[in-house]
Amino acid sequence: QLQASGGGSVQAGGSLRLSCAASGFRFSIHVMGWFRQAPGKEREFVAAIKWSGSSTKYEVSVKGRFTISRDNAKNMVYLQMNSLKPEDTAVYFCGADDSDNVLYSDYEGIYEYWGQGTQVTVSS
């Protein structure tokens, strides 16, 4: 089970930190990813992190603004979002995948578990 939280409404240029709490599976061996879905659009990849935290992957438009991290002791994954833009407005989902690396982590079909999503709204 995955529970995402931390969404909210901010102005452009602001920051938010999303959290995702995991339970019921071996969190420490899973790749964790964040995806987002804007109204009327397909769900898209945002970022992913390897089970060890040693490797990450980002969607081009968020690179340098967003940082994914994890705490295996707490079964938590985070997404620090800075310099937010109106186009970042979406529902953000966390997912878990038992792959050994982040090579294919931008493909949502490989994820076994999904959280319920948290809304992020960025106003201009």
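Details of the structure are given in the entry above.
Residues numbered from 1 in each chain as written. Predicted model: local features only at pLDDT ≥ 70, side-chain atom pairs only at ≥ 80, totals over all residues. Heavy atoms only, no water.

### Considerations on the overall build of the protein
Now for step 1: The secondary structure content of the protein amounts to 0 helices and 11 strands.
Now for step 2: When the helices and strands of the protein are read in sequence order from the N terminus, they spell out β-β-β-β-β-β-β-β-β-β-β.
Now for step 3: Its C-alpha atoms give the protein a radius of gyration of 13 Å, near enough to 14 Å, the size a compact globule of 124 residues would have.
Now for step 4: C-alpha extents for the protein along the principal axes are approximately 40 × 25 × 25 Å. (Helix = DSSP H or I, 4+ residues; strand = E, 2+ residues; numbered from the N terminus. Rg over C-alpha atoms; globule rule 2.2 N^0.38 Å.)

### Examining the nonpolar core
Now for step 1: Trp34, Leu79, Met81 and Tyr92 are the most contacted members of the largest nonpolar core, which has 28 residues in total.
Now for step 2: In terms of nonpolar packing, the next biggest core, distinct from the first, is built from 6 residues, Val31, Phe35, Ala48 and Tyr111 among them. (Core = buried A, V, L, I, M, F, W, Y, C linked by side-chain atoms within 4.5 Å. Buried < 20%, exposed > 50% of the residue type's maximum accessible area, 1.4 Å probe, protein only.)

### Section: the pattern of salt bridges
Now for step 1: Overall, the coordinates contain 5 salt bridges when judged by the stated rule.
Now for step 2: Note that Glu108 is salt-bridged to Arg43, the shortest N-O span being 3.2 Å. In this pair, Glu108 sits in the loop between strand E9 (90–97) and strand E10 (113–114) while Arg43 sits in the loop between strand E4 (31–37) and strand E5 (44–49), placing the two residues 65 residues apart along the sequence.
Now for step 3: The partly exposed category is assigned to Glu108, whose relative accessible area is 29%.
Now for step 4: One continuous salt-bridge network, built from bridges that share partners, spans Arg36, Glu44, Arg65 and Asp88. (Salt bridge = Lys/Arg side-chain N within 4 Å of Asp/Glu carboxyl O.)

### Topic: the packing of aromatic side chains
Now for step 1: Taken as a whole and assessed by the stated rule, the structure comprises 5 aromatic pairs.
Now for step 2: Both rings, one in Phe25 and one in Tyr113, keep their centres 4.5 Å apart while their planes meet at 15°; by these two values the pair is stacked. Of the two residues, Phe25 sits in the loop between strand E3 (16–22) and E4 while Tyr113 sits in strand E10, which places them 88 residues apart along the sequence.
Now for step 3: When the ring of Tyr111 is compared with that of Trp114, the centres are 5.2 Å apart and the planes differ by 45°; the resulting orientation is tilted.
Now for step 4: Assessed through its relative accessible area of 26%, Trp114 is described here as partly exposed.
Now for step 5: An aromatic cluster is built from Phe35, Phe45, Tyr111 and Trp114, whose rings are joined through pairwise contacts.
Now for step 6: In this structure, Arg43 packs its charged tip against the face of Phe93, placed 4.7 Å from the ring centre. (Phe/Tyr/Trp six-rings, centres within 6.5 Å; stacked < 30°, edge-to-face > 60°. Lys NZ or Arg CZ within 6 Å of the ring centre and 35° of its normal.)

### Topic: the sheet that holds strand E8 (residues 76–81)
Now for step 1: Read from one edge of the open sheet, 4 strands run E1-E3-E8-E7, paired in antiparallel fashion. The sheet is open, and its two borders are formed by strand E1 (2–5) and strand E7 (66–71), each paired with just one other strand. Geometrically, the sheet is characterised by an average inter-axis angle of 15° between neighbouring strands, direction not taken into account.
Now for step 2: Summarising the sheet, E1 and E3 pair through 4 bridges and their orientation is antiparallel. Within the sheet, the bridge partner assigned to Gln3 lies in E3 and is Ala21. (Pairing = 2+ DSSP bridges. Axes fitted to C-alpha atoms, helices over the stretch in contact; angles between N-to-C directions.)

### A word on the side chain of Arg36
Now for step 1: Mapped onto the elements, Arg36 comes out in strand E4.
Now for step 2: Within the local environment of Arg36, its side chain forms a polar contact with the side chain of Glu44, the two groups lying 2.6 Å apart.
Now for step 3: Here Asp88 takes part through its side chain, which lies 2.9 Å from a polar atom of the side chain of Arg36. (Polar contact = N/O pair within 3.5 Å; in protein donor to acceptor, adjacent residues only side chain to side chain.)

None of the figures reported here should be taken as evidence of function without further support.
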